[in-house]
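Each chain, written out:
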Amino acid sequence: MTNRPNAHDSLLEATNELTYEHGITSTGVDAIAARAGVTKRTLYQHFGSKDRLVAEALTDRNRRALLAHETNARRRSEETGEPPILALFDVIENALRGKAKAGCAFINASLEINYPGHPVREAALAHLRAREELVRQLLAESGMDDPDLVAQVTLLVDGAYASGGSRRDPAAARHAKAVAAALLASRAVS
């Protein structure tokens, strides 16, 4: 017996890969179905529309990405002895060196599909809000539960992904980390 993924999971995986590589509007359902090894009919039976498929693929990616961000930041924090909020930037730098070399799939999707209320945009924004909540949680664990600081560090996280992805420069995360460290140090002193 093989461990072949089912059609639903194959479609989510193919959609995540292709829309990240080529963009959402440039990726057709024919390409998604072909990559998943299913028919277009199967795609529509499972998801009803390309928009629903892409939104669900982003939602699936969201769950995995948030868990990986938190787990890897905590692991990196144990290795370096620095707070998990700063270790998160090492995780981002590592991601930008690997599969996320084009930046954040969620930022990219929210910019490409910029229609209020669109299911793809809503799925992308849900991740960005959840990532902001992770930043808030990691800051609170460091004794810094300030909404302005959360907004500032979230901007640095998003900026690391956006700049690192658009310029194909993973060092953007290191630079953002240095700014975050200075920001945290200034708050600890005041």
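The paragraphs below set out a description of the structure included in this document.

The rules behind each value
Residues numbered from 1 in each chain as written. Predicted model: local features only at pLDDT ≥ 70, side-chain atom pairs only at ≥ 80, totals over all residues. Heavy atoms only, no water. Helix = DSSP H or I, 4+ residues; strand = E, 2+ residues; numbered from the N terminus. Contact = heavy atoms within 4.5 Å. Polar contact = N/O pair within 3.5 Å; in protein donor to acceptor, adjacent residues only side chain to side chain. Axes fitted to C-alpha atoms, helices over the stretch in contact; angles between N-to-C directions. Parallel < 35°, antiparallel > 145°, perpendicular 65-115°, else oblique. Left-handed = near helix turned anticlockwise from the far one by under 90°. Nonpolar A, V, L, I, M, F, W, Y, C, P; charged D, E, K, R; others polar. Salt bridge = Lys/Arg side-chain N within 4 Å of Asp/Glu carboxyl O. Phe/Tyr/Trp six-rings, centres within 6.5 Å; stacked < 30°, edge-to-face > 60°. Lys NZ or Arg CZ within 6 Å of the ring centre and 35° of its normal.

## A look at the environment of Thr-19
Right, so step 1: Note on placement: Thr-19 falls in helix H1 (residues 7-22).
Right, so step 2: Once the C-alpha coordinates of Thr-19 and Val-54 are considered, the two residues, 35 residues apart in sequence, prove to be 8.1 Å apart.
Right, so step 3: Other than its neighbours up to four places away in sequence, Thr-19 contacts Ile-24, Thr-27 and Val-54.
Right, so step 4: A distance of 2.6 Å separates the side chain of Thr-19 from the backbone oxygen of Thr-15, its partner in a polar contact.

## Looking at the packing of helix H4 (residues 50-80) against helix H7 (residues 119-141)
Right, so step 1: Between H4 and H7, the shortest axis-to-axis distance is 8 Å and the interhelical angle comes to 15°. Judged by the angle between their axes, H4 and H7 are roughly parallel. Considering only the axes of H4 and H7, their crossing is right-handed. Counted together, Asp-51, Val-54, Ala-55, Leu-58, Thr-59, Asn-62, Ala-65, Leu-66, His-69, Glu-70 and Arg-74 of H4 and Pro-119, Val-120, Ala-123, Ala-124, His-127, Ala-130, Arg-131, Leu-134, Gln-137, Leu-138 and Glu-141 of H7 form the full contact between these two elements.
Right, so step 2: Looking at the contact of H4 with H7 residue by residue, the class counts come to 12 nonpolar, five polar and five charged.

## What to know about the pattern of salt bridges
Right, so step 1: Applying the stated criterion across every chain, the model contains 17 salt bridges.
Right, so step 2: The salt bridge partner of Glu-17 is Arg-35, with a shortest N-O separation of 2.6 Å. Pair noted here: Glu-17 is in helix H1 and Arg-35 is in helix H2 (residues 29-36), with a separation of 18 residues, a long-range link.
Right, so step 3: The salt bridge involving Glu-93 is made with Arg-97; its shortest N-O contact spans 2.7 Å.

## Some details on the packing of aromatic side chains
Right, so step 1: Across all of its chains, the model carries zero aromatic pairs by this definition.
Right, so step 2: For the cation-ring pair, Arg-61 lies above Tyr-20, with the distance from its terminal atom to the ring centre recorded as 5.0 Å.

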